[in-house]
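Observations on the model geometry
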Amino acid sequence: MGFIRKGVLVFVCIFMFILILVGNSFLTLGLSLKYENVKGELVPVAKEMVLGSANIDDKIKSDFDSSMKIYCQTNSEFTFSQQGYTFVIPCSVVAEGSDAVVAYGVDSFVKEIYYKNYDCDFWKCFDESQFPVFLVSEKAQKYWMGKFYLILIIFIALAGLTYLLVENKENAPMILGIFLVIGSLPFLAIGKIVSLFLNKTYIELVAAFFSSAHSVFLISLIFGLVLLGVGVGLKFWDFEEFIREKFKGKKK
């Protein structure tokens, strides 16, 4: 293999390893920001940081007997606004008690901010004071998954280029496998590492961004081990000789 070819291979391998780290980061954000994950992580944060600061809990509990229960005797839902937030509570929920109303209000708030139609480009949303609510939205989830798929396409192209550049073709899956295994390791405990540098108030909020980090670790690790297994198998099976025999057979 010529010097230039080796140099290109080294560059491709370094770039591909960086892509694995970036791609795993995007996949972590994309999977973590699915509504089911966001809801589980964000509900306690929303109740403490947003609804609590607006005194929504107190508003609901103070108005429960004097307003809600009486209003719901002749209506199907109760609507009220507090510091810019509008809450529509079904009277069937009101019948379950004030705690059920608070829980429903929090869930509705989380769902509203997640599926809200943010009429701005991803990065321009920061200029419109949507942070941090915008970052835990469906728009953000789709943005990160889109970036992951782009990285995946580039990675597959580079994997093909790696196969063409290596002298021993069976080494190609082993190289990819090693990179995937090593690239999975930072995601084994990334959430815990980040939380060490944060105020306790924001730990639960940040956890929403990394709730699927362990899943990404397993995905990358398993694919890496599979490719390593393929590479080791090809070492015992003369792959290049097999290809040459196939070509010879076609020429005949």
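Rules used in this analysis
Residues numbered from 1 in each chain as written. Predicted model: local features only at pLDDT ≥ 70, side-chain atom pairs only at ≥ 80, totals over all residues. Heavy atoms only, no water. Helix = DSSP H or I, 4+ residues; strand = E, 2+ residues; numbered from the N terminus. Contact = heavy atoms within 4.5 Å. Buried < 20%, exposed > 50% of the residue type's maximum accessible area, 1.4 Å probe, protein only. Core = buried A, V, L, I, M, F, W, Y, C linked by side-chain atoms within 4.5 Å. Phe/Tyr/Trp six-rings, centres within 6.5 Å; stacked < 30°, edge-to-face > 60°. Expected span 1.5 Å × (residues − 1). Patch = residues over 30% accessible without salt bridge, like charges linked within 9 Å, V, L, I, M, F, W, Y side chains within 5 Å. Areas by Shrake-Rupley, 256 points an atom, 1.4 Å probe, with all protein chains shown as cover. Salt bridge = Lys/Arg side-chain N within 4 Å of Asp/Glu carboxyl O.

From N to C terminus, the protein includes 11 helices and two strands. Walking the protein from its N terminus toward its C terminus, one meets helices and strands in the order α-α-α-β-β-α-α-α-α-α-α-α-α. For the protein, the proportion of contacts with a sequence separation of at least 24, taken over those separated by at least 6, is 70%.

Mapped onto the elements, Ile156 comes out in helix α6 (residues 138-165). Using a relative accessible area of 53% as the deciding quantity, one classes Ile156 as exposed.

One finds Leu33, Met68, Ile89, Val94, Val101 and Trp144 to be the most contacted residues of the largest nonpolar core, which totals 53 residues. In terms of residue count, helix α1 (residues 3-32) provides more of this core than any other element does, 10 residues in total. Not counting the four nearest positions on each side in its chain, Val94 is found in contact with Phe64, Met68, Lys69, Cys72, Ile89 and Val101. Judged by nonpolar contacts, the second largest core, of six residues, contains Val181, Ala213, Phe217 and Leu221.

Turning our attention to the packing of aromatic side chains. The full count for this structure, using the stated rule, is 13 aromatic pairs. Aromatic pair Phe148 and Tyr149: ring centres 5.5 Å apart, planes at 55°, arrangement tilted. Residue classification places Phe148 among the buried positions, given a relative accessible area of 15%. With a relative accessible area of 46%, Tyr149 lands in the partly exposed category. Cluster of aromatic residues (ring-pair linked, three or more members): Phe26, Tyr118, Phe122, Phe134, Tyr143 and Trp144.

Relative to the helices and strands, Ala103 resides in helix α5 (residues 98-115). A relative accessible area of 40% places Ala103 in the partly exposed class. Through-space distance from the C-alpha of Ala103 to that of Val93 is 9.6 Å; in sequence the pair is 10 residues apart.

Let us look at the side chain of Asn24. Looking at where Asn24 falls in the secondary structure, it is placed in helix α1. Exposure remark for Asn24: the relative accessible area of 8% places this residue in the buried category. Leave out the neighbours within four places in its chain, and Asn24 touches Gly183, Ser184, Phe187, Val216 and Ser220.

With that settled, the discussion passes to α5. Along an α-helix, a turn takes 3.6 residues, which lines up residues three or four apart on a common side. The end-to-end C-alpha distance of α5 is 26 Å, a good match for the 26 Å that 18 residues give at a rise of 1.5 Å each. Of the residues making up α5, those classed as buried are Ala100, Val101, Val102, Gly105, Val106, Phe109, Val110, Ile113 and Tyr114.

It is worth spelling out a nonpolar patch on the surface at this point. A contiguous nonpolar patch, built from Phe11, Phe15, Leu150 and Ile154 and spanning about 380 Å² of accessible area, is present on the exposed surface. Every element with two or more residues in the nonpolar patch is listed here: α1 and α6. Structurally, Phe11 is set in helix α1.

Attention now moves to the pattern of salt bridges. If you walk through the whole model with that rule in mind, you get one salt bridge. A salt bridge links Glu138 to Lys142, with the nearest nitrogen and oxygen atoms 3.9 Å apart. Here Lys142 and Glu138 lie together in helix α6, a separation of four residues that amounts to about one turn. On the basis of relative accessible area, Glu138 is assigned to the partly exposed category, the value being 26%.

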